[in-house]
Amino acid sequence: MMLQEYMEEQKKHIDARLKELLCTDVKAFETLYESMNYSLNGGGKRIRPILMLAVIEMLGKNPRPYLDMACALECVHTYSLIHDDLPAMDNDDYRRGNLTNHKVYGEGMAILAGDGLLTYAFELMASQKQIESSKIAAIISTFAQAAGPAGMVGGQAFDLESEGNMEIGIDGLKLLHKAKTGVIFKTAIDIAAILGDATQEERNALDDYALYMGLTFQITDDILDVVGDSHVLGKPVGSDEKNKKATYATIFSLEEARRLARQAAESASTSLKPFGDRARILKELVEYMLVRVN
Ligand SMILES: CC(C)=CCC/C(C)=C/COP(=O)(O)OP(=O)(O)O
Ligand SMILES: C=C(C)CCOP(=O)(O)OP(=O)(O)O
């Protein structure tokens, strides 16, 4: 199966399950549930859950019983987007081709929709009865560390404080991206390694892949903010330059950023050598990121 077909197939399952998850019988909570579902089900490429399911498959396991784990990851990602778009953060009006959550439901409800999605993700993970409880505990611990103050929240705080400061340099940039975005890709892969019973050698290879694929995603996302089409991306472009944000595309030339993206993608593919032919989909996934900016 080609990557595009594979992604469409996995996305179909993920989208269908996400639509079923968040519902309430309590009339007083209806707006909250509507606002959570508005952002969760209003588009999105589902790269993180697809990545998780693809790694489980590469490790020789059927990914289908782990669909809810993948959906939990998407709930956390969606919460981070809702909060990232708030007036107190990036103050963006469009996301996934629609008005941002706070533009439709107001700031207070958008904050609560994010809080609800984050907390619900942990409820969903903890309720997976078909998975051994020791694995659930390991997954929740990994996930909480990645999403929390030592991971994504820390990265976002650093981002907030660095706005307008183009002097953070390459080391600052690396830390920012590793903590803010790379960490969730790494978690997708770590969870898959736990569920797929990866050996130590496989884990080492997957750690390298996570690092370089996350970097490829970040550099290409930065390039798209300069050269992308806002209709295709479903979010505004040019905001990094406007907000004087240090990114791979504002610190380096576009040519250099593209070179760094290609280099990261090559390293990601090389890390998957131990998996041989089974790694085809994951290699194509980093190629797909490159194609979007070339
Ligand atoms: C704890 C929180 C709120 C974390 C947010 C992390 C995140 C997804 C940032 C998006 O980065 P970006 O602003 O570079 O991306 P985009 O261009 O999509 O807004
Ligand atoms: C981490 C970043 C840069 C936010 C956007 O992520 P995606 O490009 O995966 O966004 P969706 O497809 O989920 O909307």
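Each chain has its residues counted from 1, running along the sequence as written. By the order in which they are written, chains take letters starting at A while ligands take numbers starting at 1. In keeping with the model being predicted, local features are shown solely for residues with a pLDDT of at least 70 and side-chain atom pairs are shown and tallied solely at 80 or more, while totals for entire chains, interfaces and linings include all residues. As a convention, hydrogens and water are excluded, and side-chain values are obtained from all of the structure's heavy atoms.

An unreviewed UniProt entry lists the chain under the name Farnesyl diphosphate synthase, with Megasphaera paucivorans given as the organism. UniProt positions are given in the numbering used here, feature names are shortened, and annotations may be inferred rather than shown by experiment. One UniProt comment on the chain, placed under Catalytic activity (unreviewed entry), says "isopentenyl diphosphate + (2E)-geranyl diphosphate = (2E,6E)-farnesyl diphosphate + diphosphate". The chain has a UniProt comment under Sequence similarities (unreviewed entry) that states "Belongs to the FPP/GGPP synthase family."

Novice: Teacher, can you tell me more about the packing of helix 4 (residues 67-85) against helix 6 (residues 107-126) here?
Specialist: Between two packed helices, the angle of one axis relative to the other and the distance separating the axes together describe the packing. Between the N-to-C directions of two axes lies an angle of 0 to 180 degrees, each axis being a line fitted to C-alpha atoms and, for a helix, fitted only over the stretch in contact. Think of it this way: any DSSP run of H or I at least four residues long counts as a helix, any run of E at least two long counts as a strand, and we number them from the N terminus. At a closest axis distance of 8 Å, the pairing of helix 4 and helix 6 adopts a crossing angle of 160°. In terms of orientation, helix 4 lies roughly antiparallel with respect to helix 6. Seen along the crossing, helix 4 lies across helix 6 with a hand that is left-handed. Only A110, I111, A113, G114, D115, L117, L118, Y120, A121, L124 and M125 of helix 6 make contact with helix 4, whose side of the interface consists of D68, M69, C71, A72, C75, V76, T78, Y79, I82 and H83. Any angle from 65 to 115 degrees is called roughly perpendicular, while one under 35 is roughly parallel, one over 145 is roughly antiparallel, and all others are oblique. The sense of a crossing depends on the near helix, which, turned anticlockwise from the far helix by less than a right angle, makes the crossing left-handed and, turned clockwise, makes it right-handed. Only heavy atoms enter the contact rule, under which two residues are in contact if any of them lie within 4.5 Å.

Novice: For this particular structure, what's the right way to read the packing of helix 7 (residues 133-147) against helix 9 (residues 169-195)?
Specialist: One way to put it is that helix 7 packs onto helix 9 with a least axis distance of 10 Å and a crossing angle of 170°. Relative to helix 9, helix 7 is oriented roughly antiparallel. Here K135, A138, I139, T142, F143, A146 and A147 of helix 7 come into contact with helix 9, specifically with V183, I184, T187, D190, I191, I194 and L195. Under the scheme applied here, ten amino acids are nonpolar (Ala, Val, Leu, Ile, Met, Phe, Trp, Tyr, Cys and Pro), four are charged (Asp, Glu, Lys and Arg), and all others, including Gly, are polar. The class makeup of the residues in the contact of helix 7 with helix 9 is 10 nonpolar, two polar and two charged.

Novice: Help me out: how do you make sense of the site of ligand 1 in this one?
Specialist: Residues in close proximity to ligand 1 include Y79, S80, L81, H83, D84, D90, R95, M152, Q156, K180 and K235, which together make up its full environment. Here a polar contact is taken to be a pair of N or O atoms separated by no more than 3.5 Å, where protein atoms must pair a possible hydrogen donor with a possible acceptor and residues adjacent in sequence count only if both atoms sit in side chains. K180 has a polar side-chain atom sitting 3.1 Å from an oxygen atom of ligand 1. For ligand 1, the protein covers 90% of the area, taking 510 Å² as the surface of the free molecule. Counting only elements with at least two residues in the shell around ligand 1, the list comes to helix 4 and helix 8 (152-162). Looking at which element gives the most residues to the shell around ligand 1, the answer is helix 4, with five residues. By residue class, the composition of the shell around ligand 1 is three nonpolar, three polar and five charged. We call a residue near a molecule or strand when any one of its heavy atoms sits within 4 Å of it. Note on areas: Shrake-Rupley, 1.4 Å probe, and residue coverage restricted to the protein chains presented here.

Novice: Where do I start with a nonpolar patch on the surface in this structure?
Specialist: Side chains of Y94, L99 and V104 sit close together on the surface and give an oily, nonpolar patch of about 250 Å² of accessible area. Tracing the sequence through the fold places V104 in helix 5 (residues 101-105). Patch building starts from residues that exceed 30% relative accessible area and form no salt bridge, then joins like charges within 9 Å and nonpolar side chains (Val, Leu, Ile, Met, Phe, Trp, Tyr) within 5 Å. The salt bridge definition used is simple: a Lys or Arg side-chain nitrogen within 4 Å of an Asp or Glu carboxyl oxygen.

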